[in-house]
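Observations on the three-dimensional arrangement
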Amino acid sequence: MDFVCNFPPFSIIFCLACGIISSALNGRAAKRLSIALVSLVGVMSACVLAYTVKTGEAFIYVMGKFPAPWGNELRVGTLEGLMALFFSIIMLLSILGGLRALETDVEEARMNLYFVMIDLMMSSLLALIYTNDLFTAYVFVEINTIAACALIMIRANGHTMVAATKYMIMSLLGSGLLLIGICMIYDLTGHLLMSNIKEAIGVLAATGQYEIPLTVVIGLVCIGLAIKSALYPFSSWLPDAYGYSTASSSAVLSSLVSKGYIFLLVKVFCRVIGFDVMVGHKITNILFLFGILGMIMGSLNAIRQHDVRRLIAFSSIAQIGYIYMGIGIGNNAGLVAAIFHIMSHAASKSMLFICAAGLSEVSGGSKNFTDLKGAGYRNPAAGIGFTVGAFSMVGIPLFAGFTSKVYFAEAALTGGEAKMEIAMVTLAISTILNAIYFIRAVISIYTPRNEHFQNAAYRPAASMVFSIVLFISLNLLLGTFSYPIANAIGSGLFMFG
Amino acid sequence: MGSNLFVNFYETVAMILFAVGFTTLLLHKNMIKKIMGFNIMDTAIYLFLAVKGYINGRKAPIIVDGVTDTSAYINPVPAGLVLTGIVVSVSVTALMLALTVRLYRRYHTLNIDLISMRAKREDL
């Protein structure tokens, strides 16, 4: 076994350890440690990705050397490496971009706690990506929830507290369903490791034994994870949570937290229950339907917003709908499109949140569009970033959002006639709706008015400019060189088996 | 069908408790009762696991009198899962209670609807 194979457990354990150390450090040291940690995780994940691409197969890391049916395992393939690398890049850029807003939003004395939560969040995301054990996945889902709740309420005011409470309530409902689903899977199969469960379920499905319990399990796990990742009818908590928390938190929550759960759902689809069994139980049709609903309703709600952060938050609901629609198409191409959209949405949405904070900074701290008029001139970097993010969300060619829409459309072509028609029509409608509110927002920030916010001495934070530049290049990279990435996703899914 | 409910008496009770807890957490307005609902829901899951792990007539998996044959003992894994689950739900309960205390200090009510109404009225 090569040394690189130790990197996935190392990165999880480093994150947990840094979280513990940070609680004893002061804010500045904790910040530096956190940034160094996320960069290190990024480098290690890149090595893992390169290794799995080179060997062309997944490897299994046995925790504590207990053999298969009893021990705990990590399983690492191309897709896992790619997601870990991508998540750490987004995490790093989100922290860097929101540093100045963080200083105004969070008290100095509590700054280190913020980075404790960032470290824990990173560890739980990595564990969700790598783990091969369902119960471990549940434990890290809860760690993720607690860390996310703390990230929302670190900016101490009434709105964030209410938002955090609502988030917790919905999340607990979701994790309750997930936990009982996992317990039932354990009862049906007698295993907790994903590969063993899949074998056992294959036998069950072939003999037709335990048909109804299996359907119940699939429903519980899917609905539980759908609640946690804010699929449309369960997304009432989302706008407040994303709209009022500090910029870095919003960026991390929208682009990573919900995506971690969706990735877990993809793993359940492919590695636990088996994709054919899932499609056979028609759960994909339900997810497809809710995804379609989310695409329309999220955008319709976003049009009514006058607050830039809430607008972006509602647009997140629509984009989550896209991802579920991709999963719901029910074939391999749909899954590839969904995972590609996880990446392109994460890259664009976190940039939008960071840039919205940058635009508010030069508009007297207001998030309202009337005050934001002309903000694009006052803070050019944030203005350009916001424009690129908005173009990507609308689906203008060259940007990431366009490419993922192309993949969705291609996948829909092979998904059966009814789904193809619904998906195509909804894609078109949703693109128009996206264009209505995002183009309006862009026009609004480039309308030269509100001279009283003019401040010649204003200089945007260097870290923010740096992160926006990297975000834009990442977006263009996803938009123009999508082929190798989609290829890697495809081969990663193939390794899922 | 009906007789199965009596054979699997404990599982039935666990599912009813789960439903009670779930609906309380979802629908009740009072924060403290929501937290109680959450605890009932999680405890029901642990009951379900514990019952599923128990095999009639066998003993706890601790070797006494040198009996190492597996057919003498019950499955130890569900007990481990229950313990892990309890740790998770205790920490989540603590977090929820802390949140409730802060909300009560600020808005002087435990009713979540009133709290969100008052938060909306409050000017940021």
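Just above sits the structure.
Below is a short write-up of the structure. (Residues numbered from 1 in each chain as written. Chains lettered and ligands numbered in written order. Predicted model: local features only at pLDDT ≥ 70, side-chain atom pairs only at ≥ 80, totals over all residues. Heavy atoms only, no water.)

**Comments concerning the interface of chain B and chain A**
With 37 residues of chain B in contact, the opposing surface of chain A contributes 31 residues. Of the roughly 3100 Å² buried between chain B and chain A on both sides combined, carbon and sulfur atoms contribute 83%. Our count for the contact surface shared by chain B and chain A stands at zero salt bridges. Remark: the boundary between chain B and chain A carries two residue pairs in polar contact (both at pLDDT 80 or more). Sorting the residues of the side of chain B that touches chain A by element identifies helix 2 (9–27), helix 3 (31–53), helix 4 (77–107) and helix 5 (112–121) of chain B as the ones contributing at least two each. (Contact = heavy atoms within 4.5 Å. Buried area = accessible area lost by both parts, 1.4 Å probe. Salt bridge = Lys/Arg side-chain N within 4 Å of Asp/Glu carboxyl O. Polar contact = N/O pair within 3.5 Å; in protein donor to acceptor, adjacent residues only side chain to side chain. Helix = DSSP H or I, 4+ residues; strand = E, 2+ residues; numbered from the N terminus.)

**Section: the packing of aromatic side chains**
Residue and element names in this part refer to chain A. Evaluation of the coordinates by the stated rule reveals 18 aromatic pairs over all chains. Their ring planes at 80° and their centres at 5.6 Å tell us that F3 and F7 sit as a pair that is edge-to-face. On the basis of relative accessible area, F3 is assigned to the exposed category, the value being 55%. Relative to F14, the ring of F10 has its centre 5.9 Å away and its plane inclined at 25°; by these criteria the two rings are stacked. In this pair, F10 and F14 both sit in helix 1 (residues 7–22), four residues apart, roughly one turn of the helix. (Phe/Tyr/Trp six-rings, centres within 6.5 Å; stacked < 30°, edge-to-face > 60°. Buried < 20%, exposed > 50% of the residue type's maximum accessible area, 1.4 Å probe, protein only.)

**Quick notes on helix 7 (residues 158–189) of chain A**
Residue and element names in this part refer to chain A. Look at helix 7: 46 Å from first C-alpha to last across 32 residues, which is about the 46 Å you get at 1.5 Å a residue. With respect to burial, helix 7 is a largely interior element, 30 of its 32 residues being buried. One side-chain oxygen of the residue at the start of helix 7 lies 3.1 Å from the amide nitrogen of H159, identifying that residue as N157. One or two steps after helix 7, the chain reaches G190, where phi turns positive at roughly 80°. (Expected span 1.5 Å × (residues − 1).)

**So, the pattern of salt bridges**
All names here are of chain A. Here the structure, examined in full by the defined rule, presents seven salt bridges over all chains. As a salt-bridge pair, D240 and K166 come within 3.9 Å of each other at their nearest N and O atoms. One end of the pair, D240, is in helix 10 (residues 238–244); the other, K166, is in helix 7, and 74 residues separate them in sequence. Of the residues examined, K166 reaches a relative accessible area of 25% and is grouped as partly exposed. With its nearest N and O atoms 2.7 Å apart, the salt bridge here joins R310 to D240. With R310 in helix 14 (residues 308–329) and D240 in helix 10, this residue pair connects regions lying 70 residues apart in the sequence.

**Observations concerning the nonpolar core**
Side chains of a nonpolar character, in soluble globular proteins, are inclined to be buried together. Residues and elements named next belong to chain A. Counting 217 residues, the largest nonpolar core has M91, F269, I273, I327, F386, I489 and L493 as its most contacted members. Ranked by residue count, the leading element in this core is helix 7, at 20 residues. Setting aside residues up to four positions removed in sequence, F269 forms contacts with C222, G274, F275, M278, I283, T284, L287 and I327. (Core = buried A, V, L, I, M, F, W, Y, C linked by side-chain atoms within 4.5 Å.)

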